[in-house]
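Secondary and tertiary structure notes
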Amino acid sequence: NQSNKSINHYGEYQFQNHYKKWDIVTTAGAVGMHNSTDSQILGDTTFTGTSMAGYVQVEKKFFNKLSFSGGLRYEYVEQRSPSEFMGTVIPGGKASDDRWISRFGLNYALTLSLIHI
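Since the model is a prediction, treat every value here as computed from it, not as a measurement.

Of the pairings in the sheet, the one linking strand E1 (residues 4-19) to strand E2 (residues 24-39) comprises 16 bridges and is antiparallel in character. Within E2, the position partnered with Ser 6 by the bridge is Thr 37. In this structure, the hairpin formed by E1 and E2 is closed by a connection of four residues, where Asp 23 is found at a positive phi of approximately 50°.

Here is the structure:
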């Protein structure tokens, strides 16, 4: 009586474009994931989780040595479980969170490699 079963679904779509006139690369996409776990060892119950995100990123090179990248991502995460699990009360059996995440970076090449593999 300690079996469990999990089913996971994952999907992602990504689109990338290089604007040669400005030497800018943009990447945009969406990600989705859903999982379900049935477990006898965890109280003979079912847990489900869903995650979704959308994102966009821009990359630009300057002078062949300096590169900039910046992006923005929105994430939503939801978990469903029993209203009480191992002494913890989860109102309505649902917990969720969402947020915006940003990232920016600069890279500088100290030397340029002449060998291409």
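This part is about the sheet that holds E1. The antiparallel open sheet is built from five strands, whose spatial order is E1-E2-E3-E4-E7. Of all strands in the sheet, those with a lone pairing partner are E1 and strand E7 (94-108), marking the two edges. Pairwise comparison of adjacent strand axes, ignoring direction, gives a mean angle of 10° for this sheet. The sheet contact formed by E2 and strand E3 (residues 45-62) spans 16 bridges and is antiparallel. What sits directly across from Asp 38, in E3, is Thr 46.

Quick look at the pattern of salt bridges now. Inspection of every chain in the model, using the stated rule, returns four salt bridges. Its salt-bridge partner being Glu 75, residue Arg 73 comes within 2.6 Å of it at the nearest N-O pair. The partly exposed category is assigned to Arg 73, whose relative accessible area is 27%. Between Glu 78 and Lys 94 there is a salt bridge, and its shortest N-O distance comes to 3.6 Å. Placement of Glu 78 in strand E4 (residues 66-80) and of Lys 94 in strand E7 is noted, with a sequence separation of 16 residues between them. Since its relative accessible area comes to 37%, Lys 94 is described here as partly exposed. Taken together, the salt bridges that share partners define one network made up of Glu 78, Arg 80 and Lys 94.

So, how was this worked out
- Sequence order as written defines the numbering, with residues in each chain counted from 1.
- Only residues with pLDDT of at least 70 are given local features in this predicted model, and only at 80 or more are side-chain atom pairs given and counted; all residues enter the totals for whole chains, interfaces and linings.
- Just so you know, side-chain values use all the structure's heavy atoms and leave hydrogens and water out.
- Here a strand pair is declared whenever DSSP counts at least two bridges between the two strands.
- By the criteria applied, helices consist of DSSP H or I runs no shorter than four residues and strands consist of E runs no shorter than two, each listed in order from the N terminus.
- Angles run from 0 to 180 degrees between N-to-C directions of axes, and those axes are lines fitted to C-alpha atoms, restricted for helices to the stretch in contact.
- For this analysis, a salt bridge means a side-chain nitrogen from Lys or Arg found within 4 Å of a carboxyl oxygen belonging to Asp or Glu.
- Accessible area is worked out with a 1.4 Å probe on protein chains only. A residue is then buried under 20% of its type maximum, exposed over 50%, and partly exposed in between.

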